Amino acid sequence: MIYMKQGVLKAKIKERYGKIALSGNSDCCCTPQECCNTTEFNPKSSSVGIGYDNKALDSIPESSILGVGCGAPLNFANLKTGEIVVDLGSGAGIDAFLASKLVKGEGKVIGIDIEDNIPVENNSVDAVISNCVINLTTDKVKTFKEIYRILKKDGLGRMIISDLVTSKEVHGETINSDDWCSCIDGALTKDNYINCIKQAGFQDVKVLNEHTYLSEDKTDGRKITSIIVGAITK
């Protein structure tokens, strides 16, 4: 049960990520070096560290590379020429720019923020990608149901997302809004996260990649793991 008002969390999230966008993430927030305030932080190097290709990053606007995220879902998306892709929680557009080069002029990439209702038609999208954003939502099942709604059915639509899971969830008054904005307090266990995806109607749910994001000594005893999950529609 989440006791902190959703409006409060949403305001905090907008404030945090608005600051990141305006500053170019100069204080390296929302990275494994969470808010390290170091002059050595380099957004591009941070992105390469979580799986992005260095040469590919050279082909997109530098301003779109903020060094946030917890993985590189495009490495597993197998996007094809002409496909329609939604980048959910697109931020400065790093994945949207990279995806556009894969689907080319015949395709389409739609970058949007997460809201209660995704402004995309039913059964119209080939692939949904997302990088460490769904954790920010307070109702994961509802979010996954919205993703399922916009994807093409009969196994033609697929979701490939990078996100964080935790060894121990926090609830109620123990939730900290700053840690929620950092995708920590909103994290579910891996089993619960995968179950939310299945509840939304997806099948063939697979963990495609997994690595430690924050060890227990950097949190309050919780291990935070980055996973990339793939699933398809029924």
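Scroll up for the structure.
Residues numbered from 1 in each chain as written. Predicted model: local features only at pLDDT ≥ 70, side-chain atom pairs only at ≥ 80, totals over all residues. Heavy atoms only, no water.

Undergrad: Before we go on, may I ask you to explain unusual backbone geometry in this structure?
TA: It is generally the case that most residues other than glycine have a negative phi and that most peptide bonds are trans. Of note, Cys132 is a non-glycine position whose phi angle comes to about 55°, a positive value. Relative to the helices and strands, Cys132 is located in the loop between β3 (127–131) and α5 (140–150). Relative accessible area serves as the criterion here: at 8%, Cys132 is assigned to the buried category. Residue Asp154 is not a glycine yet carries a positive backbone phi of 60°. (Helix = DSSP H or I, 4+ residues; strand = E, 2+ residues; numbered from the N terminus. Buried < 20%, exposed > 50% of the residue type's maximum accessible area, 1.4 Å probe, protein only.)

Undergrad: I keep staring at the nonpolar core and nothing clicks. Help me out?
TA: One broad rule of soluble globular proteins: the nonpolar side chains tend to lie buried together. The biggest cluster of nonpolar side chains holds 28 residues, and the ones touching the most others in it are Val128, Phe144, Ile147, Met159, Tyr193, Ile197 and Phe202. Secondary structure elements with two or more residues in this core: β1 (84–88), α5, β4 (158–166), α7 (190–199) and β6 (224–232). Here this core takes five residues from α5, the largest share from any one element. Setting aside residues no more than four positions away along its own chain, Ile197 makes contact with Phe144, Met159, Phe202, Val205, Val229 and Ala231. Tyr52, Leu57, Ala77 and Ala99 belong to the second-largest nonpolar core, a separate cluster that totals 18 residues. (Core = buried A, V, L, I, M, F, W, Y, C linked by side-chain atoms within 4.5 Å. Contact = heavy atoms within 4.5 Å.)

Undergrad: Explain the pattern of salt bridges to me, please; I cannot follow it from the model alone.
TA: Any two side chains of opposite charge can pair, given that their charged atoms come close. Evaluation of the coordinates by the stated rule reveals seven salt bridges. Taking the shortest distance from any N to any O, the salt bridge between Glu83 and Arg158 comes out at 2.7 Å. Separated by 75 residues along the polypeptide, Glu83 in the loop between α3 (54–58) and β1 and Arg158 in strand β4 bring together distant segments of the chain. Each of the two residues, Glu83 as well as Arg158, counts as buried. Of the charged contacts in the structure, one is a salt bridge between Asp185 and Arg222, with a shortest N-O distance of 3.1 Å. Residue Asp185 is located in the loop between α6 (177–181) and α7, and its partner Arg222 is located in the loop between β5 (203–214) and β6; the two are separated by 37 residues in the primary sequence. Look at Asp185 and you get buried, because its relative accessible area is 3%. (Salt bridge = Lys/Arg side-chain N within 4 Å of Asp/Glu carboxyl O.)

Undergrad: I keep staring at the environment of Gly67 and nothing clicks. Help me out?
TA: Relative to the helices and strands, Gly67 is located in the loop between α3 and β1. In this structure the C-alpha to C-alpha distance between Gly67 and Ile94, which are 27 residues apart in sequence, comes to 9.5 Å.

Undergrad: Looking at this structure, how should I read the pairing of β1?
TA: Both faces of the sheet carry side chains from a regular strand, because those side chains alternate between them. Burial runs high along β1: four of the five residues are buried. Note: β1 against β3, three bridges, orientation parallel. In the strand pairing of β3, Val86 is matched with Val128. (Pairing = 2+ DSSP bridges.)

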